[in-house]
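Descriptive analysis of the structure
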Amino acid sequence: MFARMESASDDDLISSITPDVMKCLGRCDFFEKLDDLLSPEGRSTPSPSCDATFKLSESILNGAGFDRAELTDIFAVLRSKGGCCDCEILYNVAETSRLKAKYWRSRALGEAAHTPHTPHSQPN
């Protein structure tokens, strides 16, 4: 296994693996599958609310064959991009998502925008 590195080294590692991690997530349709769970097309299926964890993401990634060490790296990359839980991955990391589009559509209509939970702010 890998030895743990100091924080600056972790940041460098995360930066260096980010493009490849994002490519792998795109290849397994991770963002689309997460969006399907949190913002299903049509209204026949109730959407689960985000519990401020990576529970849904982890189940998708396990199904795609990623192991525990890979999940650690993936979630470090997602956190570095502002994805601190399942819904924030769709708000802050995914290029497009129905969940984000529904939020902004509600805001544009002057309605109270409903989110699965209150999103954290994206890191600077």
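On a predicted model such as this, the values are computed, not experimentally measured, just so you know.

**Some words on the nonpolar core**
Formed by 29 residues in total, the largest nonpolar core has its most connected members in L25, F30, F31, L34, L61, L78 and I89. Where this core is concerned, the elements lending two or more residues are helix 1 (7-27), helix 2 (30-38), helix 3 (55-63), helix 4 (68-80), helix 5 (86-93) and helix 6 (98-108). With residues near it in sequence (within four places) discarded, L25 still touches F30, F31, L61, I74 and L78.

**Topic: the pattern of salt bridges**
Going through the model one piece at a time under the given rule, you end up with five salt bridges. Among the salt bridges present, the one from D35 reaches R98, with a minimum N-O distance of 3.9 Å. Of this pair, D35 sits in helix 2 while R98 sits in helix 6, placing them 63 residues apart in sequence. The partly exposed category is assigned to R98, whose relative accessible area is 25%. The salt bridge partner of D51 is K55, with a shortest N-O separation of 3.3 Å. Residue class for K55 comes out exposed when judged on its relative accessible area of 52%. Counted as one network, the salt bridges with shared partners bring together D35, D36, E41 and R98.

Cut-offs applied
- Residues numbered from 1 in each chain as written.
- Predicted model: local features only at pLDDT ≥ 70, side-chain atom pairs only at ≥ 80, totals over all residues.
- Heavy atoms only, no water.
- Core = buried A, V, L, I, M, F, W, Y, C linked by side-chain atoms within 4.5 Å.
- Buried < 20%, exposed > 50% of the residue type's maximum accessible area, 1.4 Å probe, protein only.
- Helix = DSSP H or I, 4+ residues; strand = E, 2+ residues; numbered from the N terminus.
- Contact = heavy atoms within 4.5 Å.
- Salt bridge = Lys/Arg side-chain N within 4 Å of Asp/Glu carboxyl O.

Any functional reading would require information that these geometric values do not contain.
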